[in-house]
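Single-letter residue listing:
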Amino acid sequence: MSSSDSSQRVVSGMRPTGRLHLGHYHGVLKNWVQLQHEYECYFFVADWHALTTNYENTEQIEQHVFDTAVDWLASGVNPGAATLFVQSKVPEHAELHLLLSMITPVSWLERVPSYKDQQARLNDKDLATYGFLGYPLLQSADILIYRAGNVPVGADQVAHVELTREVARRFNYIYGREPGFEQHAEAAVKKMGKKAARLYRELRTRYLERGDTEALERARALLAEQQNLSIGDAERLFGYLEGGGRIILPEPQPLLTKQPKVPGLDGEKMSKSYNNTIELREAPESTAEKIRTMQTDPARVRLKDPGNPENCPVFALHQIYSSDEVRRWAAEGCKSAGIGCIDCKKPLIDSITEEQHQRRERAQQFEEDPGLVHSILLEGSEIARDMARETIEDVRAAIGLGP
Ligand code: TRP
Ligand code: SF4
């Protein structure tokens, strides 16, 4: 497989922070479950990324990796459809990170917004480390090592994908300009056969002379269809199309999906660091208790006081979990003070605990047989490594590090 299929490939990672919560499901996992049927997907537990901020507390990391994987599996991420693995089991990510670090200006990393933000937010930790500065570049390596065209991420990660694009462009610019590039590219065009070669030339001219981006898209599609081009030739022709050198590392796009805001128990965004979460596999009693004491519209002090669902995080959960009918009942009962908050929360407790129940059932086989989870991750890591090795060999050769 070559960079020509990169538009079909998706990669995403998640740091192991322990048991996942409803925010992870609605913000990320639901989307992964969908994507795994539409793309060739690589999903990994980013255990090295966890070290960048948590290098002092590593005794739980293994358990967290396990719990994360079980939560994925219990949420419908399917190892038959997507490749699931652990970052540190594919050391090629680290080699690419190192090689990219050679060409990445420090200023590019210092200006990534999360760098200063996180340093300020986590001010109890010393994050003036080399590894923390390199966090987004490691992420770039995670993406580029699979030559993935698409990265499903939340808005907070878009800057990291943008950095990845800049680093890829710089890499291709520096190392894609082999001597005799034009002649190699022309020779590759001929290998496509007369008809396809003529179309390729025509589309290339239209793009280069008139900036016709539709022609660029069509030419890319044409290249992706070619069966008898080597990986090297395909890369050359992708690069030649845009006038530059060989595209060794294609630039990825962020795949932004509409993410429903999942409110935490206090009305802030649900997040482990705010201690306001409901876990994906939390027990019914504790879930019910959390929802019963969850923040509501502060205007509803007494039962007689009407409320406004817009100001209520419980209602935001109704938006995700309830039928139109229940949602209407809640909104009207709230505004007219016809129902109390405890009534309003009941159907929510039912649907959330029902969902958790199904997830716990699906998780059971994995909890009982941890070896099963380890073998899924090990097998995934092997598949990922095969792909990663192909890229790293190309990268070494392009830089001039001999075999
Ligand atoms: N930085 C991401 C986060 O905190 C996790 C991550 C690591 C990632 N490597 C990645 C996401 C590669 C997408 C692609 O959520
Ligand atoms: Fe929120 Fe429902 Fe209470 Fe209204 S009735 S404040 S929507 S919990």
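It should be emphasised that the depicted structure is a prediction, and the values quoted were computed from it without experimental measurement.

Now for the overall build of the chain. Helix and strand counts for the chain come out as 18 helices and five strands. In terms of principal-axis extent, the alpha carbons of the chain reach across some 80 × 45 × 40 Å. Within the chain, buried positions represent 49% of all 403 residues. Restricting to contacts in the chain with at least 6 residues of sequence separation, those with at least 24 account for 77%.

Neighbouring ligand 1 are 13 residues, the closest being Arg15, Tyr135, Gln139, Asp142 and Gln157. A distance of 2.8 Å is found between a nitrogen atom of ligand 1 and a side-chain nitrogen or oxygen belonging to Tyr135. Gln139 places a polar side-chain atom, nitrogen or oxygen, 3.0 Å from a nitrogen atom of ligand 1. Contact with the protein chains hides 91% of the accessible area of ligand 1, taken as 370 Å² for the molecule alone. For the shell around ligand 1, the elements supplying multiple residues, two or more each, are strand 1 (9-14) and helix 8 (135-144). Here the shell around ligand 1 gets four residues from one element, more than from any other, and that element is helix 8. In terms of residue class, the shell around ligand 1 is built from six nonpolar, five polar and two charged.

Around ligand 2, the surrounding shell consists of Thr296, Asp297, Arg300, Cys312, Val314, Phe315, Cys334, Cys341 and Cys344. Elements with a contribution of two residues or more to the shell around ligand 2: helix 15 (313-321) and helix 17 (341-368). When its residues are assigned to classes, the shell around ligand 2 shows six nonpolar, one polar and two charged.

Before going further, it helps to examine the side chain of Arg246. Mapped onto the elements of the fold, Arg246 is located in the loop between helix 13 (231-241) and strand 5 (253-255). When its relative accessible area of 9% is taken as the criterion, Arg246 is described as buried. In this structure, Arg246 is in contact with Asn172, Gly176, Glu178, Phe181, Gly232, Glu235, Arg236 and Ala398, ignoring residues within four places of it in sequence.

Our next topic: the nonpolar core. In a soluble, globular protein the nonpolar side chains are often hidden away together inside. Within the largest apolar cluster, 47 residues are counted, with the highest numbers of intra-cluster contacts made by Leu22, Leu29, Phe43, Trp72, Leu84 and Val373. The element contributing the most residues to this core is helix 3 (residues 61-74), with seven residues. Residues lining this core come from more than one domain, with at least three contributed by each of domain 1 (3-176 + 369-399) and domain 3 (281-364). The contacts of Leu29, once residues within four sequence positions are left out, are Met14, Leu20, His24, Asp71, Trp72, Ser75, Val77 and Leu280. Residues Leu96, Leu144, Phe171 and Val395 belong to the second largest nonpolar core, which totals 39 residues.

With that settled, consider the pattern of salt bridges. For the structure shown, the criterion picks out 27 salt bridges. One salt bridge connects Glu186 with Arg201, and the closest N-O pair in it is separated by 2.8 Å. Of this pair, Glu186 sits in helix 10 (residues 181-191) while Arg201 sits in helix 11 (residues 194-210), and the two are 15 residues apart along the sequence. Look at Glu186 and you get partly exposed, because its relative accessible area is 24%. A salt bridge links Arg220 to Glu217, with the shortest nitrogen-to-oxygen separation between them at 3.2 Å. Linking Arg220 with Glu217, this pair stays in helix 12 (residues 213-225), spanning three residues, or about one helical turn. Here Glu217 falls in the partly exposed class, since its relative accessible area comes to 47%. Via salt bridges that share partners, Arg19, Asp67, Asp71, Arg281 and Glu367 belong to a single interconnected network.

Attention shifts here to the packing of aromatic side chains. In total, this model carries eight aromatic pairs according to the counting rule given. On the numbers, 5.0 Å between centres and 75° between planes, the contact of Trp32 with Trp72 is edge-to-face. Of the two residues, Trp32 sits in helix 1 (residues 22-38) while Trp72 sits in helix 3, which places them 40 residues apart along the sequence. For the ring pair Phe85 and Tyr146, a centre distance of 5.8 Å and an interplane angle of 65° mean the geometry is edge-to-face.

One way to put it is that helix 3 packs onto helix 17 with a least axis distance of 8 Å and a crossing angle of 130°. The orientation of helix 3 with respect to helix 17, classified from their angle, is oblique. As helix 3 packs across helix 17, the resulting crossing turns out to be right-handed. Taking contact as the criterion, the partners of Phe66, Val70, Leu73 and Ala74 in helix 3 are, on helix 17, Arg359, Arg362, Ala363, Phe366 and Glu367. Residue composition of the contact of helix 3 with helix 17, by class: six nonpolar, no polar and three charged.

Calculation rules
Residues numbered from 1 in each chain as written. Chains lettered and ligands numbered in written order. Predicted model: local features only at pLDDT ≥ 70, side-chain atom pairs only at ≥ 80, totals over all residues. Heavy atoms only, no water. Helix = DSSP H or I, 4+ residues; strand = E, 2+ residues; numbered from the N terminus. Buried < 20%, exposed > 50% of the residue type's maximum accessible area, 1.4 Å probe, protein only. Contact = heavy atoms within 4.5 Å. Near = heavy atom within 4 Å. Polar contact = N/O pair within 3.5 Å; in protein donor to acceptor, adjacent residues only side chain to side chain. Areas by Shrake-Rupley, 256 points an atom, 1.4 Å probe, with all protein chains shown as cover. Nonpolar A, V, L, I, M, F, W, Y, C, P; charged D, E, K, R; others polar. Core = buried A, V, L, I, M, F, W, Y, C linked by side-chain atoms within 4.5 Å. Domains from an automatic or database assignment. Salt bridge = Lys/Arg side-chain N within 4 Å of Asp/Glu carboxyl O. Phe/Tyr/Trp six-rings, centres within 6.5 Å; stacked < 30°, edge-to-face > 60°. Axes fitted to C-alpha atoms, helices over the stretch in contact; angles between N-to-C directions. Parallel < 35°, antiparallel > 145°, perpendicular 65-115°, else oblique. Left-handed = near helix turned anticlockwise from the far one by under 90°.

On their own, these measurements won't tell you what the molecule is for.
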